[in-house]
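Chain and residue survey
Letter by letter, the chains look like this.
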Amino acid sequence: MLIRPTREELENFGEPDFTIFNAGQCAADPHVEGVGSGTSVAISFERKQMVILGTEYAGEMKKGVFTVMHYLMPKAGVLSLHSSCNEGPDGDVSLFFGLSGTGKTTLSADPSRLLIGDDEHVWTENGVFNIEGGCYAKTIDLSAEKEPEIFNAIRFGSVLENVIYNPRTHVADYSDRSITENTRCAYPIDFIPSAKVPCVGGKPQNIVLLTCDAFGVLPPVAKLTPAQAMYHFISGYTAKIAGTEEGVTEPEATFSSCFGQPFLVWHPVKYAQMLARKMQENNVNVWLVNTGWNGGAYGAGKRISLKYSRAIIDAIHSGELQDAEYSTYGVFNLQIPTAVSNVPAKVLDPSRAWEGTTEEFNGTISKLAHLFLANFKKYADKATPEIIAAGPRL
């Protein structure tokens, strides 16, 4: 999950800049001040050490290092990003922000584009680079048909986590949930055929803010103004869905600032301001893409088809959405396209796709808007009037 040194680099490695002590099978002591359970991930910037206790989730190591980078990189004047990243045939780079379960890994693993990385990057004056040396993909219900790049990356040299396999045939059962929904696989990035190694790219031209809306009222795609981009970046709305966190069995609305609140060290507005400068300097297009529900809220509507989400991303990269016709979408004041190739027009407008009553739709979108507004009060003291005005309007 981190960049692996070469044999020559190991021979001349010297002293580490940071040390990880992973004792995942040893529970933390909740009687110690600041420790609330048997699980603890502690970082000391003074000692340059991280200690992991009471959790055998391998992702704690990569996310711990990511937290360290979220502290060091802004100090150095460059921006750390909880995003995936890929590059087109013409060198055009796209960033995909999103929390676990929104499609960040899946949508960036595009056979027609080079994969720079699926989770953690840094944006400098010269472009972007990947912090990691591999990917850490969810495997629940994984199939060769739905996600061929990830499926085929699971081979000798990859590591499966919480996945049940047949002890006689050694064939993994990706539908088995007996341990957890959060089954994973870590594999070197060069196991993806279209990976770009070294994992560096130019300055991004498109930014995609991914969300998984459990209410079924956000559009599958919207083009954002700079102020709206900052509002939604700071808000970081999505839904916790089954398979991303322990105890979550159905979607639950949540806000995670900058799409990575647990890893932030500085105030969220600091990261947002740095991103705003990058966007302005490079004339970046920003898109809100909902991979959640359509036709109704969770339990009534359906999850937006992956083929529609892929078609939307293709339309972004081809320039189709840059030249599309747009209409204004209600309470959230979003610009949504009237047509996207290979996506039914009805799906693009949640108010048209809604299968319940108009009153139910209005009540649901109003409820979500209130949640946005209540959440943003935490950041309003440091946000500009333009950013505050970019939120939903009731």
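So, here is what we can say about the structure in this document. Here the structure is a predicted model, which means the values were calculated and not measured. (Residues numbered from 1 in each chain as written. Predicted model: local features only at pLDDT ≥ 70, side-chain atom pairs only at ≥ 80, totals over all residues. Heavy atoms only, no water.)

1. Examining the overall build of the protein
Note the cut-off: In this text, helices come from DSSP runs of H or I with a minimum length of four residues, and strands from runs of E with a minimum of two, each type numbered from the N-terminal end. Radius of gyration: C-alpha atoms only; globule rule: 2.2 Å multiplied by the number of residues to the exponent 0.38. The rule is simple: take the accessible area with a 1.4 Å probe, protein chains only, and divide by the maximum for that residue type; under 20% is buried, over 50% is exposed, in between is partly exposed. In this analysis, two residues are considered to be in contact whenever any of their non-hydrogen atoms come within 4.5 Å of each other. For the purpose of charge, His is not counted, nor are the chain termini; Lys and Arg are scored as positive and Asp and Glu as negative. Think of each charge as sitting on NZ of Lys, CZ of Arg, CG of Asp or CD of Glu.
A tally of regular secondary structure across the protein gives 11 helices and 23 strands. A compact globule built from 394 residues should have a C-alpha radius of gyration of about 21 Å, and the protein, at 21 Å, falls within 12% of that. Taking all 394 residues of the protein together, the buried fraction comes to 51%. Partitioning the contacts of the protein with sequence separation of at least 6, the portion at a separation of at least 24 is 68%. When the 33 positive and 44 negative side-chain charges of the protein are each reduced to one mean point, those points stand 3 Å apart.

2. Some points on the sheet that holds strand S10 (residues 159-161)
For clarity, the threshold we go by: Think of it this way: DSSP has to see at least two bridges between two strands before they count as a pair. Only C-alpha atoms enter the line fits that serve as axes; for helices the fit covers just the stretch in contact. Angles between N-to-C directions range over 0 to 180 degrees.
Spatially, S9-S13-S10 is the arrangement adopted by the 3 strands of the open sheet, whose pairing is antiparallel. Only two strands of the sheet have a single partner each, and these edge strands are strand S9 (134-138) and S10. On average, each strand axis in the sheet is inclined to that of its neighbour by 20 degrees, with strand direction left out of account. In this sheet, strand S13 (residues 184-188) lies alongside S10 in antiparallel orientation, the contact comprising 3 bridges. Opposite Val 159, over in S13, you have Ala 186 as the bridge partner.

3. Some thoughts on helix H6 (residues 268-282)
Under the convention used in this document: The span one expects for a helix is its residue count, reduced by one, times 1.5 Å.
Its 15 residues give H6 an end-to-end C-alpha distance of 21 Å, which sits within 8% of 21 Å, the value for a rise of 1.5 Å per residue. Looking only at H6, the buried set comprises Pro 268, Val 269, Tyr 271, Ala 272, Met 274, Leu 275, Lys 278 and Met 279. Summarising the contacts, the buried residues of H6 are in contact with helix H2 (59-75), strand S4 (79-87), strand S7 (120-123), strand S15 (204-211), helix H5 (226-235) and strand S19 (285-290). With its phi angle positive at about 50 degrees, Asn 283 sits one or two positions after the end of H6.

4. Quick notes on the environment of Lys 382
Turning to its location among the elements, Lys 382 is positioned in the loop between helix H10 (358-376) and helix H11 (385-389). Between the C-alpha atom of Lys 382 and that of Pro 268, which follows or precedes it by 114 residues, the distance is 9.5 Å.

5. Let's talk about unusual backbone geometry
Backbone phi values are negative for most residues with the exception of glycine, while trans is the configuration of most peptide bonds. The omega torsion across Val 197 and Pro 198 is 0 degrees, close enough to zero to call that bond cis. As for its placement among the helices and strands, Pro 198 is situated in the loop between S13 and strand S14 (200-201). Within the chain, Lys 48 stands out as a residue other than glycine whose phi angle is a positive 60 degrees. Relative to the helices and strands, Lys 48 resides in the loop between strand S2 (40-44) and strand S3 (49-53). For Lys 48, a relative accessible area of 47% translates into the label partly exposed. Within the chain, Asn 283 stands out as a residue other than glycine whose phi angle is a positive 50 degrees. Among the secondary structure elements, Asn 283 is positioned in the loop between H6 and S19.

6. What to know about the packing of aromatic side chains
Going by this rule: Planes of paired rings set the category: under 30 degrees apart is stacked, over 60 is edge-to-face and the rest tilted, where pairs are Phe, Tyr or Trp rings (Trp by its six-membered ring) whose centres lie within 6.5 Å.
For the structure shown, the criterion picks out 16 aromatic pairs. For the ring pair Phe 332 and Phe 372, a centre distance of 5.2 Å and an interplane angle of 80 degrees mean the geometry is edge-to-face. Here Phe 332, found in the loop between strand S22 (326-329) and strand S23 (334-337), pairs with Phe 372, found in helix H10; they are 40 residues apart in sequence, far enough to count as distant. Judged by its relative accessible area of 1%, Phe 332 falls in the buried class. In this structure Phe 372 comes out as buried when scored by relative accessible area, which is 1%. On the numbers, 5.4 Å between centres and 75 degrees between planes, the contact of Trp 354 with Phe 361 is edge-to-face. Like Phe 361, Trp 354 is buried.

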